[in-house]
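Chain residues, written in single-letter form:
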Amino acid sequence: MASDKLTIYTDGGSRGNPGPAAAGYIITDSTGRRVAAKGVFLGVATNNEAEYTGIIESIRHAKKLGAKSIELFTDSELLARQLTGQYKVKSPKLRPLYEEAMELFNSFIEHSVTHVRREQNKGADYLVNQALDRGKDVVPSNSAKSKPATRPIRLGVLISGGGTTMVNLMDEIKQGRLNAEIPLVISSRSKVSGVDKARNAGLPTVIIRKKD
């Protein structure tokens with residue numbers, strides 16, 4: 001198991017609503033390295049049913065990987081608000097899916113659900129469309145299950161301020177667009193927001209002053 005804490009990006013969609021539907025997800029560890037990814041073909045379903053299925057399938061997978069806590073991102077504002085208790089689930093079709101998702105979430109020591117914009121969820125969206133186009137499940141060739149696996153590039157990141165480049169690299173890794181990991185962050189200043197961002201992401205961080 002690469003990490004006790006995993007990050008999940010998940011999506012779902014239907015062509016016809018209801019119509020042919022699929023879900024997709026990408027799971028990364030605390031360093032941003034992809035540990036799993038899949039597009040799941042569902043047959044006929046609605047958009048919201050596909051979105052919920054993507055969440056359920058992804059957190060089941062995270063549980064199998066041994067995660068103790070998960071951070072999930074979805075571009076469905078409705079589901080994010082339902083899963084965080086801001087909205088009630090009124091649909092009788094969605095209620096069982098919501099209850100299954102919550103039961104899975106509650107099996108972790110810690111979990112969170114965050115809404116993101118669609119452009120921040122391109123990796124999972126791509127897997128949804130791949131499954132829809134092929135009419136079957138899709139496991140990317142560079143996912144954790146594929147053999148032989150390509151060793152991720154190890155990137156040392158230098159920062160001196162907000163760490164914008166570091167954050168962009170972390171996002172590309174989480175979305176599955178960059179096969180890399182960040183084993184070390186070096187900052188020339190200790191009291192900058194980039195250092196906090198790196199440490200909050202669980203990245204080993206070292207301070208080396210410019211004069212040294």
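Cut-offs used in this document
Residues numbered from 1 in each chain as written. Predicted model: local features only at pLDDT ≥ 70, side-chain atom pairs only at ≥ 80, totals over all residues. Heavy atoms only, no water. Phe/Tyr/Trp six-rings, centres within 6.5 Å; stacked < 30°, edge-to-face > 60°. Lys NZ or Arg CZ within 6 Å of the ring centre and 35° of its normal. Helix = DSSP H or I, 4+ residues; strand = E, 2+ residues; numbered from the N terminus. Buried < 20%, exposed > 50% of the residue type's maximum accessible area, 1.4 Å probe, protein only. Core = buried A, V, L, I, M, F, W, Y, C linked by side-chain atoms within 4.5 Å. Contact = heavy atoms within 4.5 Å. Patch = residues over 30% accessible without salt bridge, like charges linked within 9 Å, V, L, I, M, F, W, Y side chains within 5 Å. Areas by Shrake-Rupley, 256 points an atom, 1.4 Å probe, with all protein chains shown as cover. Salt bridge = Lys/Arg side-chain N within 4 Å of Asp/Glu carboxyl O. Pairing = 2+ DSSP bridges. Axes fitted to C-alpha atoms, helices over the stretch in contact; angles between N-to-C directions.

Draft legend 1. Region of interest: the packing of aromatic side chains. Inspection of every chain in the model, using the stated rule, returns 1 aromatic pair. Positioned above the aromatic ring of F108, the side-chain terminus of K63 is 5.4 Å from the ring centre.

Draft legend 2. Spotlight on unusual backbone geometry. In this model, N17 is joined to P18 through a cis peptide bond whose omega is 5°. With respect to the helices and strands, the residue P18 is situated in the loop between β1 (5–14) and β2 (19–28). Tracing the chain through its elements places N17 in the loop between β1 and β2. For N17, a relative accessible area of 41% puts it in the partly exposed group.

Draft legend 3. Main features of the nonpolar core. By size, the foremost hydrophobic cluster in this structure holds 28 residues, and its most contacted members are Y52, I59, I70, L83 and F105. Broken down by secondary-structure element, the contributors of at least two residues to this core are β1, β2, β3 (34–45), α1 (47–64), β4 (69–74), α2 (77–83) and α3 (95–105). A per-element tally of this core places α3 first, with 6 residues. Setting aside chain neighbours within four positions, we find L83 in contact with Y52, I55, Y98, A101, M102, F105 and V113. Listed in part, the 13 residues of the second largest apolar core include I159, A180, A201 and L203.

Draft legend 4. Quick peek at a nonpolar patch on the surface. A surface patch of nonpolar side chains, about 200 Å² in accessible area, is lined by L184, V206 and I208. With respect to the helices and strands, L184 occurs in strand β7 (residues 180–187). Taking relative accessible area as the criterion, L184 reaches 32% and is therefore assigned partly exposed.

Draft legend 5. Region of the structure containing the sheet that holds strand β8 (residues 205–207). Spatial ordering of the open sheet is given by β6-β7-β8, a layout of 3 strands whose pairing is parallel. Both outer strands of the open sheet, β6 (153–159) and β8, are each paired with one neighbouring strand and no more. Strand-to-strand, the axes of this sheet are offset by a mean angle of 25°, without reference to chain direction. As defined by bridge partners, β6 adjoins β7 across 6 bridges and the pair is classed as parallel. By the bridge assignment for β7, V157 is matched with V185. Where helix α5 (residues 164–174) meets the sheet, its contacts fall on β6 and β7, and the angle it forms with β7 comes to roughly 165°. Taken strand by strand, helix α6 (residues 193–200) contacts β6, β7 and β8, and its axis lies near 150° from that of β8.

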